[in-house]
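Commentary on secondary and tertiary structure
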Amino acid sequence: RGGHPRQNRLGNNHKGRGELNGTGQQPPALATQHVSWFDGTQWQYGPNNNAAWVYLDFLRGRRSPEGKEMYGCFLDESEIDLDAITYWAAFCDTHKLTCNLVLDQAQVAGDVLDTITRCGLASVSRANGKVGVVWDAPNLPVTAVFGMSTIVKGTYSIAYGSENLADEIVVTFVNQEKGWQQDQVRVTAPGVTSPVRPTTISLEGCTNEAMAALYRLKELMR
């Protein structure tokens, strides 16, 4: 493992012969992520791909037995909004929102958190001073109402984003059911039969068609 603790290495050995030429392909591998998660009674540690628990795992960070930082934000527990993440985990369980993300290159921690939360129809939040999350749950109550009595003169303006809107959403993802190959789902806006302004979104961490379909509807309704 020389300098890379807790990272397994795979490879192929080839004996040189006349028919062997060109470059070899990367050997395939199937890995299972282990994270801490709450089962409603107590904390468990094991295989789990619920987007919320993956998010929490990355916030906490992971060190090797040798103490080497492997990945994550390494936040203190006092900096994490655990209650919000726990409620979000229940939402993810209900809608089967998972995150099966492979990090194969250096990335900014904030970008990774955005990728994970996107899998759970959510976004990073620091509303209460802690790092938590807000998500698009159905039937949420109204949080603010603007009217003549609540608007300061000269501070209110309206911008209509109705020009050149996408009339079709194309979500690309890795489909587990098709041998982990790239796949896509498409949806057109109501009343559109021949879309001319498609928008393509790559949903990293998504590995099933039903979840990709749910995300495309969310994007079209924005």
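In short, a report on the structure.

Here we take up the packing of helix H1 (residues 51–60) against helix H2 (residues 82–95). The geometry of H1 relative to H2 is characterised by a closest axis approach of 7 Å and an angle of 150 degrees between their N-to-C directions. Of the possible angle classes, the one that applies to H1 and H2 is roughly antiparallel. Across the interface between the two elements, Ala51, Ala52, Trp53, Tyr55, Leu56, Leu59 and Arg60 from H1 touch Leu82, Ile85, Thr86, Trp88, Ala89 and Cys92 from H2. For the contact of H1 with H2, the class distribution of residues is 11 nonpolar, one polar and one charged.

Counted under the stated rule, the structure contains five salt bridges. Among the ionic pairs, Glu69 bridges to Arg63, the shortest N-O distance being 3.3 Å. On the basis of relative accessible area, Arg63 is assigned to the partly exposed category, the value being 46%.

Another point: the sheet that holds strand E9 (residues 198–202). Paired through their backbone hydrogen bonds, the strands of a sheet run either parallel or antiparallel. Ordered by their spatial adjacency, three strands build an open sheet running E8-E7-E9, and the pairing between neighbours is mixed. Each edge of the open sheet is held by one strand with a lone partner, namely strand E8 (181–188) and E9. Across the sheet, the mean angle from the axis of one strand to that of its neighbour is 25 degrees, orientation sign disregarded.

When two helices pack together, you describe them by how their axes are tilted relative to each other and by the distance separating the axes. With their axes 8 Å apart at the nearest point, H1 and helix H3 (residues 109–119) run at an angle of 165 degrees to one another. Between H1 and H3, the angle falls in the class roughly antiparallel. In this structure, the crossing between H1 and H3 has a hand that is left-handed. For the pair formed by H1 and H3, the contact residues are Ala51, Val54, Tyr55, Phe58 and Leu59 on the first element and Ala109, Val112, Leu113, Ile116, Thr117 and Cys119 on the second. For the contact of H1 with H3, the per-class residue count stands at 10 nonpolar, one polar and no charged.

Moving on, we get to the side chain of Glu168. Here Glu168 shows up in strand E7 (residues 168–175). A distance of 3.0 Å separates a polar atom in the side chain of Glu168 from a polar atom in the side chain of Arg186. Glu168 has contacts with Arg186, Val187, Thr188, Pro195, Arg197, Pro198 and Thr199, leaving out every residue within four places of it along the chain.

To continue, consider the pairing of strand E6 (residues 132–135). Alignment of strand E5 (residues 122–125) against E6, held across four bridges, turns out to be antiparallel. By the bridge assignment for E6, Ser123 is matched with Val134. In this structure, the hairpin formed by E5 and E6 is closed by a connection of six residues, where Gly129 is found at a positive phi of approximately 90 degrees.

The rules behind each value
- Every chain is numbered independently, its residues counted from 1 as its sequence is written.
- Only residues with pLDDT of at least 70 get local features here, since the model is predicted, and only at 80 or more are side-chain atom pairs given and counted; chain-wide, interface and lining totals rely on the full set of residues.
- Computation of side-chain values: all heavy atoms of the structure, hydrogens and water removed.
- For helices, the fitted axis covers only the stretch in contact; all axes are lines through C-alpha atoms, and the angles between them, taken along N-to-C directions, range from 0 to 180 degrees.
- Starting at the N terminus, helices and strands are each numbered in turn, a helix being any DSSP run of H or I of at least four residues and a strand any DSSP run of E of at least two.
- Every angle not falling under 35 degrees, over 145, or within 65 to 115 is termed oblique; those three ranges are roughly parallel, roughly antiparallel and roughly perpendicular.
- Only heavy atoms enter the contact rule, under which two residues are in contact if any of them lie within 4.5 Å.
- Amino acids outside the nonpolar list (Ala, Val, Leu, Ile, Met, Phe, Trp, Tyr, Cys, Pro) and the charged list (Asp, Glu, Lys, Arg) are all regarded as polar, and Gly is one of them.
- We define a salt bridge as a side-chain nitrogen of Lys or Arg found within 4 Å of a carboxyl oxygen belonging to Asp or Glu.
- Burial status follows relative accessibility: with a 1.4 Å probe on protein chains alone, a residue under 20% of its type maximum counts as buried, one over 50% as exposed, and anything between as partly exposed.
- Criterion used throughout: strands pair if DSSP finds at least two bridges between them.
- Two helices that cross are described as forming a left-handed crossing if the nearer one is turned anticlockwise from the farther one by less than a right angle, and a right-handed crossing if clockwise.
- Residues adjacent in sequence count toward polar contacts only when both atoms are side-chain atoms; beyond that, a polar contact is any pair of N or O atoms within 3.5 Å, and within protein one must be able to donate a hydrogen and the other to accept it.

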